[in-house]
Amino acid sequence: MTNHWIDIQYSDAMLVIGGNPAENHPVSMKYVQKARDRGGKLISVDPRFTRTSSKADIYAPMRSGTDIPFISGLIKYAIDNELYHKEYVVNYTNASFIVHDDYKFKDGIFSGYNEDTRNYDRSTWTFKRDEDGNILKDETLKDPRCVWNVMKEHYERYDVDTVCAVTGTPKEDFIKVADAFCSTGTPEKVGTIMYAMGTTQHTVGSQNVRAYGMLQLLLGNVGRAGGGVNAMRGEANVQGSTDMALLFHIMPGYNPAPTQSERHKSLAAYNENETPASGYWSNRPKFMASFFKAHFGDNATPENDFLYDYFPKSRRNNSHIALFEAMYDGDIKGFITWGQNPIVGGPNVRKEKAAMEKLDWFVCMDLFETETATFWTKESGADPSKINTEVFFLPAAGPYEKEGSVSNSGRWMQYRWKAIEPKNDSRSDAWFVHNLARRLKALYASENGPIAAPFKALDWSFGDGDYPDVDLVCREINGYDLTTGKTILNFTQLKDDGTTSSGNWIYSGFYPDAAPGEEKNRSKNRDNVDTGMNNYLNWSYAWPLNRRILYNRASADLEGKPWNSNNEVIWWDNAAGSWVGHDVPDFGAATGPTDPGWKNPFIMRPDGKGELFTNGMTDGPFPEHYEPYESPVPNAFSSVQLNPAARIWTGDYNDKGDAKDFPIIGTTYRLSEHWQTGPMTRNNKWLAELMPYMFVELSEELAAEKGIKEKDKVIVSSARGEIEAYAMITKRFRPYEIQGQKVHHLGMPWHYGYQGIAKGSIANYLTPHIGDANTMIPEYKAFLCNVRRAEG
Amino acid sequence: MFEVSRRQFLKLSGATAATLAIVELGFDPHKAKAAAKELKTARTDVTPTICPYCSVGCGILIHVKDNDVVYSEGDPDHPINQGSLCSKGSSVRDLYTTDRRPKKPMYRAPGSDRWEEKEWDWMLDRIAEKVKETRDSTFVVNEDGIPVNRTEAIASMGGAALENEECYMIQKLMRGLGLTFIEHQARI
Ligand code: SF4
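Note on numbering: residues in each chain are counted from 1, in written sequence order. Ligands are numbered from 1 and chains lettered from A, in the order in which they are written. With pLDDT at 70 or above as the cut-off, local features in this predicted model cover only qualifying residues; side-chain atom pairs require 80 or more to be listed or tallied, and sums for whole chains, interfaces and linings still use all residues. Water and hydrogen atoms were dropped before computing side-chain values, which therefore reflect all heavy atoms in the structure.

Chain B is annotated in an unreviewed UniProt entry as Formate dehydrogenase major subunit from Evansella vedderi. UniProt positions are given in the numbering used here, feature names are shortened, and annotations may be inferred rather than shown by experiment. Turning to chain B, the UniProt record has this under Sequence similarities (unreviewed entry): "Belongs to the prokaryotic molybdopterin-containing oxidoreductase family." The Subcellular location (unreviewed entry) comment attached to chain B in UniProt states, word for word, "Cell envelope".

For chain A, an unreviewed UniProt entry supplies the name Formate dehydrogenase major subunit and the organism Evansella vedderi. UniProt lists a comment for chain A under the heading Sequence similarities (unreviewed entry), and it reads "Belongs to the prokaryotic molybdopterin-containing oxidoreductase family." Quoted verbatim from the Subcellular location (unreviewed entry) field of UniProt, the annotation for chain A is "Cell envelope".

Here's what the structure looks like:
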């Protein structure tokens, strides 16, 4: 989230798309309702009439996988009807930049495409520069090659009629959404976009989010109270676990993970190739050196390049799907899971289960015996005698049986204190990882040589007790001034000379300036007095630097005054010579009207502007519509059917469905009473009673066509497999008319499995191994299927 | 600069809370009724936590008495939820009181159709041995003249349900061992 939950109340229009907060983030509806009480409009766009839709002022149905046409239609609508926020667009975005002469787009393909590798060379997705390297601009937006006009031309094809033919949205509903949401393109009004996995779980998932970002920039809604682009995350700490880089492609704090490449062959090469000349990332070498000082401790010195060479370098895609493909191919011998249950939650479960059966050993740490823990049992459909995997199940302590912080969607880092000792003989994950590290340290102690060396160099100083000292972990994450031994004030103090450390620079500042033994953990802050505009600056700690609204310089106009006096975030105080207000400025606090960066609110970007045109995506500088991997219709916008940069996996179990055999669009969703793959809710007697069975939700029309009645047992099939479920027939799904053709849509929850009290079929037996071109997030949300009554 | 605020957390004792409730009673019978309800949880130790489910981050108070979780409720002081919770957040007590949590670490031998209960020490020794054996036999120090120091034969997955400190420690150990297959829920 650029903003936070409580801030939603300041919104004049809330576009909820690809998410269903009334069901999945129920308490957030408090603030949606507050906004409505003040006259704000709730807009729900979803393939299914959800619980959020039932509370909405406007509902628009949209076929799963057509966010880009829908949002592009809104972009064109805002441009054509001059509903955009002109001053914001001209000054705070790159609308005026002149695009490279060789940039082109033709029939679904951008310049630089290589068909054989399915990759783009992005060198033309850039800007024209003068001899001094300055980007050429036309602030009148008249130059035909400025971003504004190139963008206008790109979206010319996304007229309301074509868009509605593709999305299946009734035209009058689309116009209602467009009028309501684009009405926020003025300084007086502000709108927010709230999304979740309905947005990201597509082969164009990242571009879906980017389309939202572009629309928000056009309407001048980023950086403002009640605005922003807000990911409603699914788990209590999926924000924090991402920040901490439990993902192959990043290091803690979003530095790219080094790869086996010329670009990254040494620390000097890495810093040279990954550090822009301007923008906040120009500090990258300081973050890197400080990270390695935390990672390797005293062993890292400027002379040995902070042991950069010892840090692992990846040579391939290691993302979720690739990981299971590699496991299936026998490359992965040992596997450890920490509270994750891929046998329910992974795509194409049949393949992922077959992959696990090839492991030599598997360690599963969880609160309950999950489907993944028991992948080898008869109940899972396996023959245990044929599976040679050694399996270790480690009972994990529950969330209030240990202490530490979690970061919510608004980046609030909140502390959870320990209420009771771990149940039974369970231990926290921290205890296990700490003791495993100590065992391994002991095993390697007497070994020398190049294999032992990198591990022996790892610093592991979390106390001598049986339990790790969480406070020491917190200090290490924050970082130290190594010359004084105190924790560092914040990341602005980090250096690249080895005198500072920080395990995760974006969190640096949550534990500031503390001498040993002095407790200053700001995630423990519990002062609930509103410090202004409901930002609660003394409750918990929000990274970076306790900012609650990212890019908040954009909440003020060219003179540094709030765009709207009812919606103040920060403003320039001429007398004081600094930015002041209700939030920590996301800007140089003393950057004033005569300073060069005054009109550059997007400080992480080298040029300080919001990107309507970008070089940062693998699959295009503008979002462009491609159909899902499995789709019943041809792409109406070009002759290119699938995202041309999406990686396709072939081989065993990776069959692709055809609309002839599987004419129905399937999607998955969550229920209020269950959570993710279900171990913590399907084992809960109260929640299991509330939502006991797996079902598939069908429209009345589809049920009638198939002769299915309410509560019938039905079989849902896809090219990957079949599952059984109860039929739930509702008016919430309706047949879609897509390009003149009737298309059915169905949906089902993905929480169920064969363990726990509430049991049911695993929906992900149906979903494919294909992912987004940028993030490789699987396309769970749009696949082809069929449905029939179960025999007998 | 950072200052300790007046409402910095102090572990509340139920006894103190109950005394305060009685002092505030006065003679209003409605208030007395409300207080009587509170007294059921008197003498409990109350600890604030954050809901382990979705990312709204609602505050929850856990009441512990005689080494058992006797009650849980929405934290009225929490600025986001102000005491309210959804069905999942309301049910967190059962995470402790349930009898469905495994009692001991469990081991399944190759080809076996059952778990055997084991001690933590045994598990840790065996897992450390497996990790070392797999790492050492697959570790690549250099490739194409570039120091790569990695093993692709071990994969780590998960962390979104854990705390920041745990996530940091896991990534540290896994990268310290040379893993590149490090993934979790955020990807899917
Ligand atoms: S109580 Fe409900 S809304 Fe609040 S954090 Fe928990 S799951 Fe989310």
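There's more to say after this.
Before going further, it helps to examine the overall build of chain A. The helix and strand inventory of chain A stands at 22 helices and 30 strands. In this description the radius of gyration comes from C-alpha coordinates, and the expected globular size is given by 2.2 Å times residues to the power 0.38. What you see for chain A is a C-alpha radius of gyration of 26 Å, in line with the 28 Å of a compact globule of 792 residues. Reported as C-alpha extents along the three principal axes, the dimensions of chain A are approximately 75 × 70 × 55 Å. The cut-offs for exposure are 20% and 50% of the maximum accessible area for each residue type, with area from a 1.4 Å probe on protein chains only; residues under the lower value are buried, those over the upper are exposed, and the others partly exposed. Evaluated residue by residue, chain A yields a buried proportion of 66% over its 792 residues. The Shrake-Rupley method, run with a 1.4 Å probe sphere, supplies the accessible areas, and residue values consider only the shown protein chains as cover. For chain A, the exposed area adds up to about 26000 Å²; of that, 48% sits on carbon and sulfur atoms. A gap of 3 Å separates the mean positions of the 86 positive and 102 negative side-chain charges of chain A. Starting at the N terminus, helices and strands are each numbered in turn, a helix being any DSSP run of H or I of at least four residues and a strand any DSSP run of E of at least two. Counted charges follow a simple rule, with Lys and Arg positive, Asp and Glu negative, and His plus the chain ends left uncounted. A single reference atom marks each charge: NZ on Lys, CZ on Arg, CG on Asp, CD on Glu.

Before going further, it helps to spend a moment on the overall build of chain B. For chain B, the count of helices and strands is 6 helices and 9 strands. Taking all 188 residues of chain B together, 59% fall into the buried category. Here a residue-residue contact requires only that any non-hydrogen atoms of the pair lie within 4.5 Å. A sequence separation of at least 24 residues applies to 35% of the contacts in chain B between residues at least 6 apart. Total accessible area computed for chain B in this model is approximately 7900 Å², and 52% of it derives from carbon and sulfur atoms.

Before going further, it helps to spend a moment on the sheet that holds strand β18 (residues 486–487) of chain A. Residues and elements named next belong to chain A. Strand pairing is assigned whenever DSSP identifies at least 2 bridges connecting the two strands. Here 3 strands make up an open sheet; going across it, the order is β18-β17-β19 and the pairing antiparallel. The strands lining the two open edges of the sheet, one partner per strand, are β18 and β19 (500–501). By the bridge criterion, 2 bridges tie strand β17 (residues 480–481) to β18 in an arrangement that is antiparallel. Bridging from a neighbouring strand, Asp 481 pairs with Lys 486 of β18.

Right, let's talk about the side chain of A:Asp243 for a bit. All names here are of chain A. Residue position: Asp 243 is located in helix α11 (residues 238–243). Any Lys or Arg side-chain nitrogen located within 4 Å of an Asp or Glu carboxyl oxygen qualifies as a salt bridge. Buried charge without a partner: Asp 243 forms no salt bridge, and the closest opposite charge is Arg 233, 6.3 Å away. The contacts of Asp 243, once residues within four sequence positions are left out, are Pro 252, Gly 253, Tyr 254, Asn 504, Ile 506, Tyr 507 and Trp 543.

Below, the discussion takes up the interface of chain B and chain A. In this complex, chain B contributes 123 residues to the contact, which on the side of chain A involves 179 residues. Two parts placed together each lose some accessible area under a 1.4 Å probe, and adding up what both lose gives the buried area. Carbon and sulfur atoms make up 62% of the area that chain B and chain A hide from each other, which totals about 13600 Å². Considering only the surface of chain B that becomes buried against chain A, B:Trp120, B:Met157 and B:Arg187 emerge as the three largest contributors, covering 7% of it. Our enumeration of links across chain B and chain A arrives at 15 salt bridges. With a shortest N-O distance of 2.8 Å, A:Glu401 and B:Arg101 are connected by a salt bridge. In protein, a polar contact means a hydrogen-donor-capable atom and an acceptor-capable atom, both N or O and within 3.5 Å, with residues adjacent in sequence counting only if both atoms are side-chain atoms; elsewhere, any N or O pair within 3.5 Å suffices. Here chain B and chain A share 94 residue pairs in polar contact (both at pLDDT 80 or more) between them.

Residues and elements named next belong to chain A. A large share of strand β13 (residues 361–366) lies buried, amounting to 6 of its 6 residues. Of the two faces of β13, the one lined by Trp 361, Val 363 and Met 365 and the one lined by Phe 362, Cys 364 and Asp 366 are each fully buried. Relative to β13, strand β12 (residues 334–338) is paired through 5 bridges, and the arrangement is parallel. Bridge pairing in β13 places Thr 337 opposite Cys 364. Across 6 bridges, the pairing between β13 and strand β14 (residues 390–395) is parallel.

A separate point is the pairing of strand β24 (residues 695–699) of chain A. Residue and element names in this part refer to chain A. Among the 5 residues that make up β24, 5 are buried, leaving the element largely enclosed by the rest of the structure. Taken together, the 5 bridges between β24 and strand β26 (residues 721–730) define a ladder with parallel strand orientation. Following the sheet pairing, Ser 699 is matched in β26 by Thr 730.

Taking the UniProt record as the reference, the feature "domain: 4Fe-4S Mo/W bis-MGD-type" (unreviewed entry) is found at residues 44–100 of chain B. For residues 44–100 of chain B, the helix share is 16%, the strand share is 35%, and the end-to-end C-alpha distance is 25 Å.

The next point concerns the domain arrangement of chain A. Residue and element names in this part refer to chain A. The split into domains, and so the bounds of each, comes from an automatic or database assignment of domains. Partitioning chain A into structural domains gives domain 1 (6–96 + 157–231) and domain 2 (647–789). Each partner contributes residues to the interface: domain 1 has 25 residues there, and domain 2 has 27 residues. Both sides together, the interface formed by domain 1 and domain 2 hides about 2100 Å², and carbon and sulfur atoms give 51% of it. Together, Arg 48, Gln 201 and Thr 203 form the three largest contributors to the area buried by domain 1 at its contact with domain 2, with a combined 31%. At the junction of domain 1 with domain 2, the criterion picks out 12 residue pairs in polar contact (both at pLDDT 80 or more). Mapped by element, the contributors of at least two residues to the side of domain 1 that touches domain 2 are α1 (21–24), α7 (160–167), α9 (197–200) and α10 (205–218). Basically, the charged four are Asp, Glu, Lys and Arg, the nonpolar ten are Ala, Val, Leu, Ile, Met, Phe, Trp, Tyr, Cys and Pro, and anything else, Gly included, counts as polar. For the side of domain 1 that touches domain 2, the per-class residue count stands at 9 nonpolar, 11 polar and 5 charged.

A few words now on the domain arrangement of chain B. Domains assigned within chain B are domain 1 (1–42), domain 2 (43–101), domain 3 (103–134) and domain 4 (138–188). Taking only C-alpha atoms into account, the centre of domain 2 of chain B sits 33 Å from that of domain 3 of chain B.

In this section: the UniProt feature "domain: Molybdopterin oxidoreductase" (unreviewed entry) in chain A. In the numbering used here, UniProt assigns the feature "domain: Molybdopterin oxidoreductase" (unreviewed entry) to residues 2–438 of chain A. Within residues 2–438 of chain A, the helical portion is 33% and the strand portion 14%, while the C-alpha atoms at the span's ends are 39 Å from each other.

Residue and element names in this part refer to chain A. Across all of its chains, the model carries 58 salt bridges over all chains by this definition. Of the charged contacts in the structure, one is a salt bridge between Asp 161 and Lys 171, with a shortest N-O distance of 3.0 Å. Here Asp 161 is found in helix α7, whereas its partner Lys 171 is found in helix α8 (residues 171–182), with 10 residues between them in sequence. Assessed through its relative accessible area of 46%, Asp 161 is described here as partly exposed. Judged by relative accessible area, which is 40%, Lys 171 ranks as partly exposed. With a closest N to O distance of 2.4 Å, Glu 559 and Lys 561 form a salt bridge. You can call Lys 561 partly exposed: its relative accessible area is 45%.

Take helix α6 (residues 164–177) of chain B next. Residue and element names in this part refer to chain B. Expected span of a helix: the number of residues minus one, times 1.5 Å. Here α6 is 14 residues long and its end C-alpha atoms lie 20 Å apart, about the 20 Å a rise of 1.5 Å per residue gives. For α6, a buried count of 14 out of 14 residues is recorded, marking the element as mostly surrounded by other parts of the structure. In the stretch just after α6, Gly 178 is the one whose phi turns positive, near 100°.

With that out of the way, let us pick up the site of the ligand. One heavy atom within 4 Å of a molecule or strand is enough for the residue carrying it to be called near that molecule or strand. Lining the immediate surroundings of the ligand are A:Pro26, A:Val27, B:Cys51, B:Tyr53, B:Cys54, B:Val56, B:Gly57, B:Cys58, B:Leu85, B:Cys86, B:Lys88 and B:Gly89. Two or more chains meet at the ligand, and those chains are chains A and B. Among the residues making up the shell around the ligand, the classes are represented as 9 nonpolar, 2 polar and 1 charged.

Moving on, we come to the sheet that holds strand β15 (residues 404–407) of chain A. Taken in spatial order, the 3 strands of this open sheet run β15-β16-β20 (chain A), and their pairing is antiparallel. Looking at strand neighbours, the two that pair on one side only are β15 and β20 (541–542) of chain A, the edges of this open sheet. Where strand β16 (residues 412–416) of chain A lies against β20(A), 2 bridges are found, and the strand directions are antiparallel. Residue pairing for β20(A): A:Trp412 is matched across the bridge by A:Ala542. Geometry is summarised by axes, namely lines fitted to C-alpha atoms with helices restricted to the contacting stretch, and by angles between N-to-C directions that run from 0 to 180 degrees. Across the sheet, α6(B) touches β15 and β16 of chain A, and the angle it forms with β15(A) is around 95°.

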